[in-house]
Amino acid sequence: GVMTVDRAQGLDRACVIVSMVRSNERGHVGMLLKDSRRLNVAFTRAQSKLVLIGSASTLQRGSSFLRKLIEFVHSHRCVIQADQDLFAAP
């Protein structure tokens, strides 16, 4: 099922998908994505697979934690680029 970070605390799942979707020209990620403690709870619930969905260019401007996360996933070649045409308005 779908859970918030607060409800997921203490519960582990085989696969965790975290939506970090915040894409804007100013690079604002919002308060929840700036809280590394809450992100740590979300990330550490995954037993074997963690999928993060978001705009790398926006996230890397959000905080030093997010910038390091984006650098890490890029350096380990764990990034899949989405086709921009999939998200274009009709």
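Everything discussed here concerns the structure shown above.
Predicted model, so just to flag it, every value in this text is computed and none were measured. (Residues numbered from 1 in each chain as written. Predicted model: local features only at pLDDT ≥ 70, side-chain atom pairs only at ≥ 80, totals over all residues. Heavy atoms only, no water.)

Would you explain the side chain of Ser63 in this entry?
Note on placement: Ser63 falls in the loop between helix H4 (56-59) and helix H5 (64-75). Classification of Ser63 by relative accessible area gives buried; the value is 17%. Polar side-chain contacts of Ser63 include one of 3.2 Å to the backbone nitrogen of Leu66. (Helix = DSSP H or I, 4+ residues; strand = E, 2+ residues; numbered from the N terminus. Buried < 20%, exposed > 50% of the residue type's maximum accessible area, 1.4 Å probe, protein only. Polar contact = N/O pair within 3.5 Å; in protein donor to acceptor, adjacent residues only side chain to side chain.)

Explain the environment of Cys78 here, please?
Considering the arrangement of structural elements, one finds Cys78 in the segment after H5. Each C-alpha atom of the pair Cys78 and Val51 lies 9.7 Å from the other, and the pair is 27 residues apart in sequence.

What's the story with the pattern of salt bridges in this structure? I'm lost.
Where charged atoms of side chains with opposite charge meet at close range, the side chains can pair. This model, assessed by the stated rule, comprises 2 salt bridges. For the salt bridge of Arg45 with Asp12, the shortest nitrogen-to-oxygen distance reads 3.3 Å. Here Asp12 lies in the loop between helix H1 (5-8) and strand S1 (13-20) and Arg45 lies in the loop between helix H3 (36-43) and strand S2 (46-54), a separation of 33 residues in the sequence. Given the relative accessible area of 39%, Asp12 is considered partly exposed. Residue Arg37 is joined to Asp35 by a salt bridge in which the shortest nitrogen-to-oxygen separation is 3.4 Å. (Salt bridge = Lys/Arg side-chain N within 4 Å of Asp/Glu carboxyl O.)

Explanation requested: unusual backbone geometry in the structure shown.
Among all residues save glycine, negative phi is the norm, and among peptide bonds the norm is trans. Although it is not a glycine, Arg77 sits at a positive phi angle of roughly 50 degrees. Residue position: Arg77 is located in the segment after H5. Overall, the relative accessible area of 79% leaves Arg77 in the exposed class.

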